[in-house]
Amino acid sequence: VVFHSLRFVTTAGRARPADGEADFVIFDEQRGILVVEVKGGGVRYEPAANSWWSLDAAGAEHKIRDPFKQAAKEKYAIREQLSRDPKCVHLGLAQGLIGHAVLLADIDDPRAINHAAGPREILGGRGDLADVRAWLDRVFSFWQGHHANMPVGKPGMQAIHRLLKPDGKLFIEV
């Protein structure tokens, strides 16, 4: 199941509740949960200043937030939502695999971006859009190598859907 523009309220790492939004959240019954932050247009990273920039159609640059930090923050916020729900806790969903990735949809070769928080396995570009399943397999494989694999299963999928009640623009069974 894929949710687009999933909105939620979080207290993860905050003194007060705050609104959160994840570009895409993929719930795979067998592999776990994956949060994907997507950036379109030109994207540039300056390692010396640790700053990110987008380039719009008119050629103007705009400072943007670090997409890897955004994806990780969204991942932890979703984990927090799962850990506060009794049914999700009972099913062990908050302890299962929850990974994150960044997709730079208009960048041909994202490997040019060298970022410690963004290993190549969790960074995608325009070329990966030709075979999104292969890219997602690579991302899930990366996270499965670093976490215990606990399948979400059908009961978990039902609990997640009940909890998050997605109001996003896309709800797809895959």
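As a reminder, the structure under discussion sits directly above these lines.
None of the values given here were measured: they were computed from a predicted structure.

## A few points about the overall build of the chain
Next up, step 1: Of the regular secondary structure elements, the chain holds four helices and nine strands.
Next up, step 2: Reading the chain from its N terminus to its C terminus gives the helix and strand order β-β-β-β-β-β-α-α-β-β-α-α-β.
Next up, step 3: Relative to a compact globule of 174 residues, whose C-alpha radius of gyration would be 16 Å, the chain shows 16 Å and is just as compact.
Next up, step 4: Seen through its principal axes, the chain has C-alpha atoms that stretch 50 × 35 × 30 Å.

## With respect to the pattern of salt bridges
Next up, step 1: Under the definition given, this model contains eleven salt bridges.
Next up, step 2: Across the pair D28 and R31 runs a salt bridge, and its minimum N-O distance is 3.3 Å.
Next up, step 3: For E80, the salt bridge identified is with R84, shortest N-O distance 3.0 Å.

## Considerations on helix 3 (residues 132-144)
Next up, step 1: For helix 3, spanning 13 residues, the distance from its first C-alpha to its last is 18 Å, which sits close to the expected 18 Å at 1.5 Å a residue.
Next up, step 2: Within helix 3, burial applies to W135, L136, V139, F140, F142 and W143. The buried side chains of helix 3 occupy one side of the element, clustering within an arc of 155 degrees when seen end-on.
Next up, step 3: For helix 3, the secondary structure elements touched by its buried residues are strand 2 (18-28), strand 3 (32-39), helix 1 (67-83), strand 7 (98-104) and strand 8 (123-125).

## Let's talk about the side chain of E80
Next up, step 1: Relative to the elements of secondary structure, E80 occurs in helix 1.
Next up, step 2: E80 gets classed as buried once you look at its relative accessible area, which sits at 11%.
Next up, step 3: A distance of 3.0 Å separates the side chain of E80 from the side chain of R84, its partner in a polar contact.

## Describing the packing of aromatic side chains
Aromatic rings in a pair are described by how distant their centres are and how their planes are angled relative to each other.
Next up, step 1: Evaluation of the coordinates by the stated rule reveals four aromatic pairs.
Next up, step 2: Aromatic pair W52 and F68: ring centres 6.0 Å apart, planes at 55 degrees, arrangement tilted. Separated by 16 residues along the polypeptide, W52 in strand 5 (residues 51-55) and F68 in helix 1 bring together distant segments of the chain.
Next up, step 3: You can call W52 buried: its relative accessible area is 1%.
Next up, step 4: Accessibility expressed as a relative area gives 1% for F68, which makes it buried.
Next up, step 5: Aromatic rings pair up to connect Y45, W52 and F68 into one cluster.

## Points about helix 1
Next up, step 1: Between the first and last C-alpha of helix 1 there are 24 Å, a value that for 17 residues agrees with the 24 Å anticipated at 1.5 Å per step.
Next up, step 2: Of all 17 residues in helix 1, twelve are buried, a share of seventy percent or more.
Next up, step 3: Along helix 1, the positions that sit buried rather than exposed are P67, F68, Q70, A71, A72, E74, K75, A77, I78, E80, Q81 and L82.
Next up, step 4: One side-chain oxygen of the residue at the start of helix 1 lies 2.8 Å from the amide nitrogen of F68, identifying that residue as D66.

## What about the sheet that holds strand 5?
Next up, step 1: Taken in spatial order, the three strands line up as 4-5-6 in an open sheet, and their pairing is antiparallel. Of all the strands in the sheet, just strand 4 (42-46) and strand 6 (61-64) have a single pairing partner and so form its edges. Going across the sheet, the axis of each strand differs from the next one's by a mean of 30 degrees, ignoring polarity.

What counts and what doesn't
- Residues numbered from 1 in each chain as written.
- Predicted model: local features only at pLDDT ≥ 70, side-chain atom pairs only at ≥ 80, totals over all residues.
- Heavy atoms only, no water.
- Helix = DSSP H or I, 4+ residues; strand = E, 2+ residues; numbered from the N terminus.
- Rg over C-alpha atoms; globule rule 2.2 N^0.38 Å.
- Salt bridge = Lys/Arg side-chain N within 4 Å of Asp/Glu carboxyl O.
- Expected span 1.5 Å × (residues − 1).
- Buried < 20%, exposed > 50% of the residue type's maximum accessible area, 1.4 Å probe, protein only.
- Arc of directions from axis to C-beta.
- Contact = heavy atoms within 4.5 Å.
- Polar contact = N/O pair within 3.5 Å; in protein donor to acceptor, adjacent residues only side chain to side chain.
- Phe/Tyr/Trp six-rings, centres within 6.5 Å; stacked < 30°, edge-to-face > 60°.
- Pairing = 2+ DSSP bridges.
- Axes fitted to C-alpha atoms, helices over the stretch in contact; angles between N-to-C directions.

Fair warning: the whole summary comes from geometry, so function is off the table for now.
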